[in-house]
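In case you want the letters, here they are:
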Amino acid sequence: MSASALIEVSDLVVSFHTRRERRRGTQPNAVDGVSFALRPDETLAIVGESGSGKTTVARCVVGLQAHQEGAVLFDGASVGPVAKRPPATRRAIQMVFQDPAASLNPRMTVRSIIAETWRTHPSAAPDGRSWDAAIDELLADVGLDAGVATRRATALSGGQCQRVSIARALALRPRLLVCDEAVSALDVSVQSQILRLLAGLRAARGLAILFITHDLGVVRQIADRVAVMHQGRLVETATADDLFERPDHPYTRKLLDAALDLEGA
Amino acid sequence: MSRSSEVTDPAPAEPRPPEEPAPLLRVEHLSIDLPGPAGPVRVVDDVSFTVAAGRTTGLIGESGSGKTMTATAIIGLLPVGAAVSGRMLWHGADLVTMAEQDRRRLRGRGIAMIFQDPQAALDPTQTIGRQVGEILRRGGMPAKEVRQTVIDLLDRVGVPDPETRHAQYPHQYSGGLRQRAMVATALAGSPQLILADEPTTALDVTVQARILALLRRIRDEEAMAMLLVSHDLRVMAHVADEVVVMYAGRICEVGSGREVLNSPAHPYTRALVVSVPAVRSKTAIAEPLPGSPASPAERPSGCPFHPRCAKAQDRCRSDVPQMRQVAAGRQVACHFPEEM
Ligand SMILES: Nc1ncnc2c1ncn2[C@@H]1O[C@H](COP(=O)(O)OP(=O)(O)OP(=O)(O)O)[C@@H](O)[C@H]1O
Ligand SMILES: Nc1ncnc2c1ncn2[C@@H]1O[C@H](COP(=O)(O)OP(=O)(O)O)[C@@H](O)[C@H]1O
Ligand code: SF4
Ligand SMILES: [Mg+2]
Ligand SMILES: [Mg+2]
């Protein structure tokens, strides 16, 4: 549709049911006709209840999940499973997963986890300076001290693991960052550091961000647009200002009503 | 409650006011050392707090501040090589010195834990139903009854279609559903104390509200005590009766949830409170604290928060601030607490 879109998802359908179950049509699809587009420097948040299909959409975008119908276009070209994507595309789309501990190799140190991404994608490796210094800098960006570099993922707390996976994704200087609950597990002080980092990268490098979160306060701070997902479909997509000030769909209103604020407790 | 007062309380001189029931668990001067590459690292340092029946104590703090280790020490599942000192009094018995087989018997029935990482805590090769019902089966409940109880539990925590879902495996659950399955597993043993480590972190607001309401209801109906570990101050403000704020393995502030979060006395608590993004009004991304969270391996001298504290004076760099009472029910470890 839009020529300026970095990523475009159209009529995406994903079902985890068998073909027979699907033909009978009684079982709902996990993702049921989702479309959206993202400009190169835009942040789109996807919100919605648990099981509504957010992670599944994200996994399709990064090529970790096959879809039955629809398409994912990157720079105007259709992209399939991650193994079949050209290295440049693979590098350009990075994801931070909902379960950070599960996505880090427990036998590797933090330093080797990051260095490995550069061995896989030499074009992203820092040139003209030591990898160790570059790693320390990346860790500092996400609020970790350099001492973490020599530790293994199993010796880190949940929030520390989460920041390592953000650093690993950013090490490849992606054009699209898919964040699945990437900051929800972090305390607010670190959270604001990472939100500022992401906002800065968006402005400086034109980083596009697909941001999945349950934290509507964070959405309000960083999203340009918000898509509300319910039972596999997008029920409302609007600019952040419109969504919070003038929610249209009853489900959006229900979500906003359920959100807690520190004030009024 | 009644059971605990028989054995625990050393000398309840006067009857306590109803809003301050006798603690079910009393943690006193708990310290935990974990083996590190350069010798043992003190990840929890001299931590004391109580959890009472029918009350929720909230543990707040930066990642790595020792919240999970504190909860893990209580449930008795610390990593190998961990050294624990201090006392953890449970019905008068010290968990620190209790025999492993007694601890095992307590686990799940007396004290249950909802783990932070449901992915790691659930066995991928077993159905959710089997894992939720494990403790019931071990207790000798007939299979048919176990099945029905599990379905009821899954329904209670908001897993849709539990009749079908109980037979599914963890990978077939979304992140939020796995977390709910963890809550069901913890509830299965009808424990007196639940240690909930970030139980609602990956949950959407509607399910979060449901789980919190559920935990609150069980707390009230069954006088269950809860130690809620969360970095989500909004959740804390709505659920915790008392809060304990930790930084770098130490406690910096203790008090009633509402008061601490409305008028924090410790500069660190204050920094946390002002960074919470609001939903009902648009706020700018907060100014992050300078520097990184202190790692317990390189805990700064004096007040561990001093390198990041805007109010730090010379004294903060040399003297460790001790906990002191600044108002009724409020203790703060800071040389220069905020005006409240
Ligand atoms: N590999 C799988 N096999 C079978 N069903 C799956 C699989 N992955 C996801 N599902 C189902 O697809 C639906 C959407 O899941 P998804 O993980 O995308 O939800 P989500 O919106 O990310 O939820 P949450 O907020 O809880 O993470 C859910 O009903 C889930 O149980
Ligand atoms: N298994 C382990 N081995 C060694 N160190 C650990 C282990 N688990 C946690 N730690 C360290 O102990 C400290 C406290 O961790 P934790 O209690 O998980 O923090 P929190 O739950 O507050 O985020 C951190 O410095 C963390 O890196
Ligand atoms: S003791 Fe000093 S450094 Fe520590 S919190 Fe108080 S004012 Fe800040
Ligand atoms: Mg998900
Ligand atoms: Mg933890």
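Source: prediction; values computed, not measured.

## Details of the pattern of salt bridges
So, point 1. Inspection of every chain in the model, using the stated rule, returns 33 salt bridges over all chains.
So, point 2. Ionic pairing is found between Arg 234 of chain B and Asp 215 of chain A, a salt bridge with its closest N-O pair at 2.5 Å. Highlighted residues: Arg 234 of chain B in helix α10 (residues 233-239) and Asp 215 of chain A in the loop between β8 (208-212) and α9 (216-222), drawn from two different chains.
So, point 3. Assessed through its relative accessible area of 7%, Arg 234 of chain B is described here as buried.
So, point 4. Classification of Asp 215 of chain A by relative accessible area gives buried; the value is 11%.
So, point 5. Where Arg 315 of chain B meets Asp 319 of chain B, a salt bridge forms, and the shortest distance between an N and an O atom there is 3.8 Å.
So, point 6. Residue classification places Asp 319 of chain B among the partly exposed positions, given a relative accessible area of 35%.
So, point 7. Each member of the salt-bridge network shares a partner with another, and the members are Asp 33, Arg 42, Asp 45, Arg 250 and Arg 299 of chain B.

## A word on the interface of chain B and chain A
So, point 1. Opposite the 51 residues of chain B that make contact, chain A presents 50 residues.
So, point 2. Summing the contributions of chain B and of chain A, the shared interface buries around 4300 Å²; its carbon and sulfur component is 55%.
So, point 3. On inspection of chain B and its partner chain A, the count reaches three salt bridges.
So, point 4. The salt bridge involving Arg 280 of chain B is made with Asp 261 of chain A; its shortest N-O contact spans 3.1 Å.
So, point 5. Inspection of the chain B/chain A interface yields 15 residue pairs in polar contact (both at pLDDT 80 or more).
So, point 6. Looking at the side of chain B that touches chain A, the elements with two or more residues in it are α8 (175-188), α9 (205-221), α10, α11 (257-262) and α12 (267-274) of chain B.
So, point 7. Among the residues forming the side of chain B that touches chain A, the class breakdown is 22 nonpolar, 18 polar and eleven charged.

## Concerning the site of ligand 2
So, point 1. Taken together, the neighbourhood of ligand 2 is formed by 17 residues, with Arg 151 of chain A together with Gly 64, Lys 67, Thr 68 and Met 69 of chain B sitting nearest.
So, point 2. Contacts to ligand 2 include Thr 68 of chain B, whose side-chain N or O atom sits 2.6 Å from an oxygen atom.
So, point 3. With the chains in place, 86% of the 560 Å² that ligand 2 exposes on its own is no longer accessible.
So, point 4. Of the residues forming the shell around ligand 2, the biggest block, three residues, is contributed by helix α2 (residues 67-75) of chain B.
So, point 5. Looking at side-chain class alone, the shell around ligand 2 contains six nonpolar, eight polar and three charged residues.

## What to know about the environment of Leu 38 of chain A
All names here are of chain A.
So, point 1. Note that Leu 38 resides in strand β2 (residues 31-38).
So, point 2. For Leu 38, a relative accessible area of 1% puts it in the buried group.
So, point 3. Look past the residues within four positions of Leu 38 in its chain and what remains in contact with it is Ala 5, Leu 6, Ile 7, Leu 44, Leu 176, Ala 208, Ile 209, Leu 210 and Arg 225.

## So, the confidence of the model for chain A
So, point 1. Averaged over chain A, the pLDDT score is 91; the fraction of residues at 70 or greater is 97%.
So, point 2. Across chain A, the secondary-structure element scoring lowest on mean pLDDT is helix α1 (residues 19-24) of chain A, at 71, and the one scoring highest is strand β10 (residues 233-239) of chain A, at 98.

## Description of the sheet that holds strand β11 (residues 324-327) of chain B
Residue and element names in this part refer to chain B.
So, point 1. The eight strands are arranged β6-β7-β8-β3-β9-β10-β12-β11 in an open sheet whose pairing can be described as mixed. A single partner strand is all that each edge strand has here, and the edge strands are β6 (111-114) and β11. Going across the sheet, the axis of each strand differs from the next one's by a mean of 20°, ignoring polarity.
So, point 2. In the sheet, strand β3 (residues 56-61) pairs with strand β9 (residues 242-247) via five bridges, with the strands oriented parallel. Within β9, the residue paired with Gly 61 across the bridge is Met 246.
So, point 3. Along the sheet, α2 contacts β3, β6, β7 (193-197), β8 (225-229) and β9; its crossing angle with β6, the most-contacted strand, is approximately 145°.

## Details of the confidence of the model for chain B
Residue and element names in this part refer to chain B.
So, point 1. Of all residues in chain B, 93% have pLDDT values of 70 or greater, and the mean over the chain is 88.
So, point 2. Predicted confidence for residues 1-18 stays below pLDDT 50, and this span has 20 contacts to residues more than four positions away or in other chains.
So, point 3. Quick note on the complex model: pTM equals 0.79, ipTM equals 0.84.

## Focus on the side chain of His 91 of chain B
Residues and elements named next belong to chain B.
So, point 1. Residue placement: His 91 occurs in the loop between β4 (83-90) and β5 (93-94).
So, point 2. Judged by its relative accessible area of 15%, His 91 falls in the buried class.
So, point 3. Reaching out from His 91, the side chain makes a polar contact with the side chain of Gln 192 at a distance of 3.3 Å.

## Quick look at the pairing of strand β6 (residues 93-96) of chain A
Residue and element names in this part refer to chain A.
So, point 1. Neither face of β6 is exposed, since Ile 93 and Met 95 on one face and Gln 94 and Val 96 on the opposite face are all buried.
So, point 2. Note: β6 against strand β7 (residues 176-180), four bridges, orientation parallel. The residue bridging Gln 94 from the neighbouring strand is Leu 177, located in β7.

## Considering the pairing of strand β1 (residues 7-14) of chain A
All names here are of chain A.
So, point 1. Here β1 lies mainly inside the structure; six of its eight residues are buried.
So, point 2. Pairing geometry for β1 and strand β4 (residues 69-74), over five bridges, is antiparallel. Paired with Val 9 across the bridge in β4 is Val 72.
So, point 3. In terms of strand pairing, β1 meets β2 through six bridges, oriented antiparallel. The residue of β2 that forms the bridge with Val 9 is Phe 36.

## Side note on the environment of Leu 193 of chain B
All names here are of chain B.
So, point 1. Topologically, Leu 193 is positioned in strand β7.
So, point 2. A relative accessible area of 0% means that Leu 193 is categorised as buried.
So, point 3. Non-local contacts of Leu 193, meaning those with residues more than four positions away in its chain, are made with Leu 24, Leu 25, Val 51, Ile 74, Trp 90, Gly 110, Ile 111, Ala 112, Met 224, Ala 225, Met 226 and Leu 227.

## Some details on the nonpolar core
So, point 1. If you look at the biggest cluster of nonpolar residues, it comprises 61 residues, and the most contacted ones within it are Ile 60, Leu 154, Val 183, Leu 187, Leu 233, Leu 261 and Tyr 268 of chain B.
So, point 2. The leading source of residues in this core is α8 of chain B, at eight residues.
So, point 3. Not counting residues up to four positions away in its chain, the partners in contact with Leu 261 of chain B are Leu 262 of chain A together with Ile 60, Leu 233, Met 236, Ala 237 and Val 273 of chain B.

## Regarding the side chain of Arg 91 of chain A
All names here are of chain A.
So, point 1. By the element assignment, Arg 91 lies in helix α3 (residues 87-92).
So, point 2. Buried within the structure, Arg 91 lacks any salt-bridge partner; its nearest side chain of opposite charge belongs to Asp 127, at an N-O separation of 9.4 Å.
So, point 3. Once residues within four sequence positions are removed from consideration, Arg 91 is found in contact with His 121, Ser 123, Ala 124, Leu 172, Arg 173 and Pro 174.

Scoring rules and cut-offs
Residues numbered from 1 in each chain as written. Chains lettered and ligands numbered in written order. Predicted model: local features only at pLDDT ≥ 70, side-chain atom pairs only at ≥ 80, totals over all residues. Heavy atoms only, no water. Salt bridge = Lys/Arg side-chain N within 4 Å of Asp/Glu carboxyl O. Helix = DSSP H or I, 4+ residues; strand = E, 2+ residues; numbered from the N terminus. Buried < 20%, exposed > 50% of the residue type's maximum accessible area, 1.4 Å probe, protein only. Contact = heavy atoms within 4.5 Å. Buried area = accessible area lost by both parts, 1.4 Å probe. Polar contact = N/O pair within 3.5 Å; in protein donor to acceptor, adjacent residues only side chain to side chain. Nonpolar A, V, L, I, M, F, W, Y, C, P; charged D, E, K, R; others polar. Near = heavy atom within 4 Å. Areas by Shrake-Rupley, 256 points an atom, 1.4 Å probe, with all protein chains shown as cover. pLDDT = per-residue confidence, 0-100. Pairing = 2+ DSSP bridges. Axes fitted to C-alpha atoms, helices over the stretch in contact; angles between N-to-C directions. Core = buried A, V, L, I, M, F, W, Y, C linked by side-chain atoms within 4.5 Å. Lys, Arg positive; Asp, Glu negative; His and termini not counted.

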